[in-house]
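Now for the letters of each chain:
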Amino acid sequence: LQRGVGYTSFIRKENEATTIKFTGEPHQGDVNFTITGNTTANENLGWNLLGNPYPAPIRWTGNSTAGWNLSNVNNTVYVRDNSNGETTVRSYNGSTGNLPNGIIASGQAFWVRTVSGSTALTVGELAKQTTDGEFFREGAPANTLEIVMRTPSLQDATYIQFVNGASSSFDSELDGIKLDNSFFNLSSLTTDNKAMAINLTTPDYCEQEVKLRITNAAIGAYNLDVTGVSSLISKDEV
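Definitions and cut-offs
- Residues numbered from 1 in each chain as written.
- Predicted model: local features only at pLDDT ≥ 70, side-chain atom pairs only at ≥ 80, totals over all residues.
- Heavy atoms only, no water.
- Salt bridge = Lys/Arg side-chain N within 4 Å of Asp/Glu carboxyl O.
- Helix = DSSP H or I, 4+ residues; strand = E, 2+ residues; numbered from the N terminus.
- Buried < 20%, exposed > 50% of the residue type's maximum accessible area, 1.4 Å probe, protein only.
- Pairing = 2+ DSSP bridges.
- Core = buried A, V, L, I, M, F, W, Y, C linked by side-chain atoms within 4.5 Å.
- Patch = residues over 30% accessible without salt bridge, like charges linked within 9 Å, V, L, I, M, F, W, Y side chains within 5 Å.
- Areas by Shrake-Rupley, 256 points an atom, 1.4 Å probe, with all protein chains shown as cover.
- 1 Å grid on protein atoms, 1.4 Å probe; cavity = no way out; pocket = protein on both sides within 12 Å on 5 of 7 lines; lining within 4 Å.
- Points joined across faces, edges and corners; volume = space filled by probe spheres on them.
- Nonpolar A, V, L, I, M, F, W, Y, C, P; charged D, E, K, R; others polar.

What follows concerns the pattern of salt bridges. One pass over the full model with this rule turns up six salt bridges. A salt bridge links K194 to E43; its shortest N-O distance comes to 3.1 Å. Separated by 151 residues along the polypeptide, K194 in the loop between β13 (185-189) and β14 (195-201) and E43 in the loop between β1 (31-32) and β2 (47-51) bring together distant segments of the chain. The class for K194 is partly exposed, based on a relative accessible area of 23%.

Right, let's get into the sheet that holds strand β4 (residues 68-71). Pairing between the strands of a sheet comes from backbone hydrogen bonds, and it takes one of two forms, parallel or antiparallel. The strand order across the open sheet formed by three strands is β1-β9-β4, and the pairing between neighbours is antiparallel. The outermost strands of the open sheet, each flanked by one partner alone, are β1 and β4. In the sheet, β4 pairs with strand β9 (residues 120-123) via four bridges, with the strands oriented antiparallel. For N69, the partnering residue across the bridge sits in β9 and is T122.

This brings us to the nonpolar core. In this structure, W60, W68, F110 and L121 are the most contacted members of the largest nonpolar core, which totals 20 residues. Those elements that provide at least two residues to this core are β4, β5 (77-83), β8 (109-113) and β9. Ranked by size, the runner-up nonpolar core spans nine residues in total, among them L145, I160, F184 and L186.

The next thing to look at is a nonpolar patch on the surface. Together, L1, V5, Y7, I11, I20 and F22 give the surface a local cluster of nonpolar side chains, amounting to about 630 Å² of exposed area. Looking at the secondary structure, you find I20 in the segment before β1.

To continue, consider empty space enclosed by the protein. Within this structure, the stated rule accounts for two cavities of 30 Å³ or more. In this structure, the largest cavity occupies an estimated 50 Å³ of space. Lining the largest cavity we find Y78, V89, S91, N98, A157, Y159, I177, K178, L179 and A197. For the lining of the largest cavity, the secondary structure elements donating two or more residues are β6 (86-92) and β11 (155-162). When its residues are assigned to classes, the lining of the largest cavity shows seven nonpolar, two polar and one charged. There is about 40 Å³ of room inside the second largest cavity.

Here is the structure:
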């Protein structure tokens, strides 16, 4: 297996507990990922599947801090969570998302998206974490709405952040594009109708409409929960 490359595995006995063992020297020091650039604003291009190269969890920061060096890489990371026969795509941009605190497990594959033809991504020792993300929490970020669509057994979330410098249309470098789950999907739309998992929009408004999109939802009963209204510094209503 090559260092820093993301792999998908086919396990024939998918309904039985499976243990996979690897041998070799654990990686240390800086790791420079080999990634493909993207010369357009097309949201379907520039995707790279990578992997945590360390025998320890790492924390995604969404910028060039705490062991990461990003050059023309979007600030959102994506991890597939396969459990109970379904796939949830979790996302995190350094402050917001449903990948708890951006913790990427040892050996876990993850997706990033490049936004330029000239791009680079490096991870170093400072990104390592000694606490599992499942037990490590921080307070919710300011100016952020979390909207969750749920059934008794499944849920999906989309996030809207009001950030200086963002716009209501698709910002290729800032917005986190929606990657679909295997069940229903909830996303918010930019004004140019791009579906987002994490939608950064302008805080400079008197009134702003953000549309929601639901796909692949079977007929049935769903709850839609909105949280984070109290985090709006402007004290606006939703």
